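Summary of structural features
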Amino acid sequence: NAGVTQTPKFQVLKTGQSMTLQCAQDMNHNSMYWYRQDPGMGLRLIYYSASEGTTDKGEVPNGYNVSRLNKREFSLRLESAAPSQTSVYFCAGGLADPSTDTQYFGPGTRLTVL
Amino acid sequence: GQQVMQIPQYQHVQEGEDFTTYCNSSTTLSNIQWYKQRPGGHPVFLIQLVKSGEVKKQKRLTFQFGEAKKNSSLHITATQTTDVGTYFCAGPSGTYKYIFGTGTRLKVLA
């Protein structure tokens, strides 16, 4: 039982390059989330998916796209990376049950955009 | 828009001292969650509080949800070096969405 996994762990991109961050969970979570974490800013929600087949914008969606490929996988794409997207990206899964919606986070991807 | 603020932003304590972090929301919350993130790690769920005035304990950690359900606190008694990390609160922001506080980074000096 791996929980929530993310690939890659580290990535360096040049401005304008594109890439996809992968996230997978084996905890039967209905909801999945992408956050970015910047120093002193806490965790900010980029996109989320309440269930398979649905996605919605969070606080900071500009410059990103997501795909909920199936119940297990939720990917985040940067079409044209910018230095402002340098951050640590966390994927999380949740049960989508308001009474007990604990989020389980993956180990994160450290992205640097030069 | 909805905001969740935490104070203090940083706290250095001597091992054995107590520590408290406070979480304040601009709106009433149906529940509040607390997470801990060790340096270089990912956030890990600690607890969820739901009821007004609720107090829950986990060993040396005491969590409280305010009567008005707009604030919460986490108190650690007799800190240990293993308590080092950043503590976040998080409140619902719409269905299945959570907004995280800015976090309090705790350093424990041995």
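All of these numbers come straight from a predicted model, not from anything done at the bench. In this convention, every chain numbers its residues from 1, walking through the sequence in written order. Here the convention is simple: chains get letters from A, ligands get numbers from 1, in the order in which they are written. Whole-chain, interface and lining totals are the exception, using all residues; otherwise, since this is a predicted model, local features are given only for residues with pLDDT of at least 70 and side-chain atom pairs are given and counted only at 80 or more. Excluding hydrogens and water, the side-chain values take into account all heavy atoms of the structure.

Residue and element names in this part refer to chain A. Buried residues dominate strand β5 (residues 42-49), accounting for seven of its eight residues. Strands pair, by our definition, only if DSSP identifies at least two bridges between them. A run of H or I in DSSP becomes a helix once it reaches four residues, and a run of E becomes a strand once it reaches two; helices and strands are each numbered from the N terminus. Where strand β4 (residues 31-38) lies against β5, seven bridges are found, and the strand directions are antiparallel. Along β5, the bridge assignment pairs Q37 with L43. Hairpin geometry of β4 and β5 is characterised by an intervening segment of three residues between the two adjacent antiparallel strands and by a positive phi of about 75° at G40. Two elements, β5 and strand β6 (residues 56-57), share two bridges in a ladder whose sense is antiparallel. By the bridge assignment, Y47 is partnered in β6 with K57. The antiparallel pairing of β5 with β6 creates a hairpin that spans six residues between the two strands, and G53 there sits at a positive phi of about 95°. Exposure classes here rest on a 1.4 Å probe applied to the protein chains alone. A residue is buried below 20% of its type maximum, exposed above 50%, and partly exposed in between.

Residues and elements named next belong to chain A. Salt bridges, as used here, are contacts in which a Lys or Arg side-chain nitrogen is within 4 Å of a carboxyl oxygen on Asp or Glu. One pass over the full model with this rule turns up five salt bridges over all chains. Across the pair D38 and R36 runs a salt bridge whose closest N-O atoms are separated by 3.0 Å. Across the pair, exposure class does not vary: D38 and R36 are buried alike. Between R77 and E79 there is a salt bridge whose closest N-O contact spans 3.1 Å.

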